[in-house]
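Here is how the chains run, residue by residue.
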Amino acid sequence: MDLRVSNRLLWVGEAAYPLSNIVRVRTFVLKPDRGQILLDSLKWLAIAVVIVFALQAFMKEPDGESGGAGFIIVVAAIALLSQLVFRLTRPDRYAMTVETSGTAVAVVTLEQRAALRELVGHIVHAIEHPEAEFSVRVERLEVDLRRYHFGDNVNVTGGMGNIGTVR
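The structure displayed is predicted, hence computed values, not measured ones.

What counts and how
- Residues numbered from 1 in each chain as written.
- Predicted model: local features only at pLDDT ≥ 70, side-chain atom pairs only at ≥ 80, totals over all residues.
- Heavy atoms only, no water.
- pLDDT = per-residue confidence, 0-100.
- Helix = DSSP H or I, 4+ residues; strand = E, 2+ residues; numbered from the N terminus.
- Buried < 20%, exposed > 50% of the residue type's maximum accessible area, 1.4 Å probe, protein only.
- Contact = heavy atoms within 4.5 Å.
- Salt bridge = Lys/Arg side-chain N within 4 Å of Asp/Glu carboxyl O.

Here the focus is the confidence of the model for the protein chain. Atom-level detail of predicted coordinates should not be read off regions where pLDDT is low. Of the residues in the protein chain, 77% reach a pLDDT of 70 or more, and the chain-wide mean stands at 80. When pLDDT is averaged over each helix and strand of the protein chain, the minimum, 76, is found for strand 8 (residues 139–140) and the maximum, 93, for helix 3 (residues 113–128).

Structure, rendered in structure tokens:
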């Protein structure tokens, strides 16, 4: 996918962001939530066990044999194990976010963190210099933004009655 700046617009693929609306550009390491992956896998394992027992009850042959339930168990176990291994062995990714004054966020990635940091420098230069234009090829990164927090982290300790923002 192309990321380019032209005519005071930052293009990320087919999405355009006015440079004047960009409030933060930064790089970070996007790490898979391996704990959540393990919990999800255990949940699916429990569901698979329930389904297997239900299938065994319905697939009983008249002579008491369980028919094809054994084959289904093996296939399900292989599928769950391969999915678990695939998800747990995903490498960390270097990513860059472009955040706007609204809710729009663009996330892109490159193989090397230094290249992303250089890209951040190009975008900041383009924000400060209206005549600047450039184009670079990046990878699209699909992430569930509900699972990641891109903003600032604030820890409040002490005091009494801290209730956050009252609206």
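This paragraph deals with the environment of valine 138. Secondary-structure assignment places valine 138 in the loop between strand 7 (134–137) and strand 8. Relative accessible area serves as the criterion here: at 4%, valine 138 is assigned to the buried category. Considered as a pair, valine 138 and aspartate 2 are 136 residues apart in the sequence and their alpha carbons are 6.1 Å apart. When near neighbours in sequence (up to four residues on either side) are disregarded, valine 138 contacts Met1, Leu3, Val108, Thr109, Leu110 and Leu119.

The next point concerns the pattern of salt bridges. In this structure the tally under the stated criterion is six salt bridges. Here glutamate 99 ties to arginine 26 by a salt bridge, and the two come within 3.9 Å at their closest N and O atoms. Placement of the pair is glutamate 99 in strand 5 (residues 93–100) and arginine 26 in strand 4 (residues 22–30), with a sequence separation of 73 residues. Across the salt bridge formed by aspartate 92 and arginine 34, the nearest N and O atoms sit 3.6 Å from each other. Residue aspartate 92 is located in the loop between helix 2 (69–88) and strand 5, and its partner arginine 34 is located in helix 1 (residues 34–58); the two are separated by 58 residues in the primary sequence. Taken together, the shared-partner salt bridges connect Arg24, Arg26 and Glu99 into one network.

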